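# Working through the structure, step by step
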Amino acid sequence: MAKLFASKYEIIDQPKSTTDVEVFTARDGDSEDIVTITVFRGGDEEKRGAFIQEAQLLQSLDHPNILTLRHRGIYEGKPYFVTDAVHFATLADWCGEKIDDKKQLEVLADVAQALDYAHEKDIIHRNLNPRAVLIDRDNKVHLAGWGRSRSQKASKEYTKTGLIVGTPEYLAPEHIKDDQTSKASDIYSFGAMAYHILAGQPPFQGKLNEILKGHLFQEPRPIHEIRPELDERTSQ
């Protein structure tokens, strides 16, 4: 990959690696902007397909609160994409922390606008969770994590039969039961995420089966019981 990057990007930090991807922070030689280059290096075809799909979806989305894709391609068989660099925090960093309620609500409103825009484009996120919400130093939201997203009309999904894809604490009941997700599933996940931010804990906790049963059969504890000081209108 060094040859590919040398012509346009200057790598300015040590890459961060997982089993499937390698992430570089770089400077764009043309614009001088700091960018993130994500390279898929795993051998799992399902994950590779999801990675390519994420890049394709990002390329089709143009919204101030959705992570901006600058370029994508395949080099020596390895797919990669380049996005704006967001290096401050994720919404997960705010969970359980004493963050100003007004600031929390503003961030949630920005996520809602990004999600509404994606839905207008007939795209379902399918894995909305606090780690997918990137927040820069100006508290601007960049919704990411589109690897499991799809169009409602899409016929192909990169999901093995019987496998629940998503973050358990925020899954909609229909997602758990048969993986038949819709825009309503995203809205449920958004509500579960908002609950976590405002209450300081997810709506259901415990072992995996306890969390899933909670989504399917129970009502979460009212937020005002956990945070009685919170404005009643906000807690509802």
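Computed from a predicted model, the values in this text were never measured in an experiment.

Quick look at the sheet that holds strand β9 (residues 133–135) now. Across the sheet, which stays open at both edges, the three strands sit in the order β7-β9-β10 with antiparallel pairing between neighbours. Edge positions in the sheet fall to β7 (89–90) and β10 (141–143), since each has one partner strand and no second. Sheet strands in contact with helix α3 (residues 101–120) are β9 and β10, and its direction is about 40 degrees off that of β10.

This part takes up unusual backbone geometry. For Arg126, which is not glycine, the phi dihedral falls at a positive 75 degrees. With respect to the helices and strands, the residue Arg126 is situated in the loop between β8 (123–124) and β9.

Along the chain, Val35 falls in strand β4 (residues 34–40). You can call Val35 buried: its relative accessible area is 0%. With 51 residues separating them along the chain, Val35 and Val86 place their C-alpha atoms 8.2 Å apart. Contact partners of Val35, with chain neighbours within four places excluded, come to Tyr9, Phe24, Thr25, Ala26, Asp28, Arg70, Val82, Thr83, Asp84 and Ala85.

Definitions and limits used
Residue positions are given per chain, counting from 1 as you read along its sequence in written order. Only residues with pLDDT of 70 or above have their local features reported here, since the model is predicted, and side-chain atom pairs are shown and tallied only from 80 upward, although totals for entire chains, interfaces and linings are computed over all residues. For side-chain calculations, the full set of non-hydrogen atoms in the structure is used, while hydrogens and water are omitted. A pair of strands is treated as paired once DSSP finds two or more bridges between them. Here a helix means four or more residues in a row that DSSP labels H or I, a strand means two or more in a row labelled E, and each is numbered from the N terminus. Only heavy atoms enter the contact rule, under which two residues are in contact if any of them lie within 4.5 Å. Every angle, taken between N-to-C directions, lies between 0 and 180 degrees, and every axis is a line fitted to C-alpha atoms, over only the stretch in contact when it is a helix. Burial here depends on accessible area, computed with a 1.4 Å probe over protein chains only, as a share of the maximum for the residue type. Under 20% is buried, over 50% is exposed, and the range in between is partly exposed.

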